[in-house]
Amino acid sequence: MKWFLFFCCTGLLLVSCTNRPVSPSKASRRAIDTIFQLKVIAMQPKMDSICTHVKDSIYKVAVDSILEERMAEMNELVE
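Reference entry: report on the structure contained in this document.

Right, let's get into helix 1 (residues 2–16). Between the first and last C-alpha of helix 1 there are 21 Å, a value that for 15 residues agrees with the 21 Å anticipated at 1.5 Å per step. Here helix 1 lies mainly on the outside; 0 of its 15 residues are buried.

Listed below in C-alpha cells is the structure:
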C-alpha cells in the first residue's frame, strides 16, 4: 500500500510539471495585493519601532560627526 501511494504521488508530481507560462489574472493579482497589504500592516508597528530606535541611536552620532567636521573647518580657516 505504501508503494502504491508513493508511485501515485510521484506520478502526480511528474504530471503536474508544465512549461507553459502562467500569467496572473485580475482575481489572483487582487488576492496577492490584499495579502501583501495585510503583511505590511502587520509588520508596520515593528518597523516603526526599529526606525525609532535606529533614529535615536544614529541621529546623535551623525550630529556629533557633522559638528566635529564643521569645527575642524572653522579651525583651519582661523589658523
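Attention shifts here to the packing of aromatic side chains. The tally for this structure, following the rule as stated, stands at 3 aromatic pairs. Between the aromatic rings of Phe6 and Phe7, the centroid separation amounts to 5.6 Å while the plane-to-plane angle is 65 degrees, which identifies the pairing as edge-to-face. The exposure class of Phe6 is partly exposed, given its relative accessible area of 47%. Residue Phe7 is classed as exposed on the basis of its relative accessible area, which comes to 55%.

Okay, the environment of Val54 next. Tracing the backbone shows Val54 in helix 2 (residues 26–78). A relative accessible area of 36% means that Val54 is categorised as partly exposed. In sequence terms Val54 and Pro21 are 33 residues apart; their C-alpha atoms lie 43 Å from each other.

Parameters and conventions
Numbering of residues starts from 1 in every chain and runs along the sequence as written. Since the coordinates come from a predicted model, pLDDT governs what is reported: local features require at least 70, and pairs of side-chain atoms require 80 or more to be given and counted, while whole-chain, interface and lining totals use all residues. Note: side-chain values were computed over all heavy atoms of the structure, leaving out hydrogens and water. Secondary structure elements follow DSSP: runs of H or I of four or more residues count as helices, runs of E of two or more count as strands, with numbering from the N terminus. One less than the residue count of a helix, multiplied by 1.5 Å, gives the span that helix is expected to have. Only protein chains enter the calculation, and the probe is 1.4 Å; a residue is then buried if its accessible area is under 20% of its type maximum, exposed if over 50%, and partly exposed in between. Only Phe, Tyr and Trp rings take part, Trp by its six-membered ring, and two of them pair if their centres are within 6.5 Å. Stacked means planes under 30 degrees apart, edge-to-face means over 60, and tilted covers everything else.

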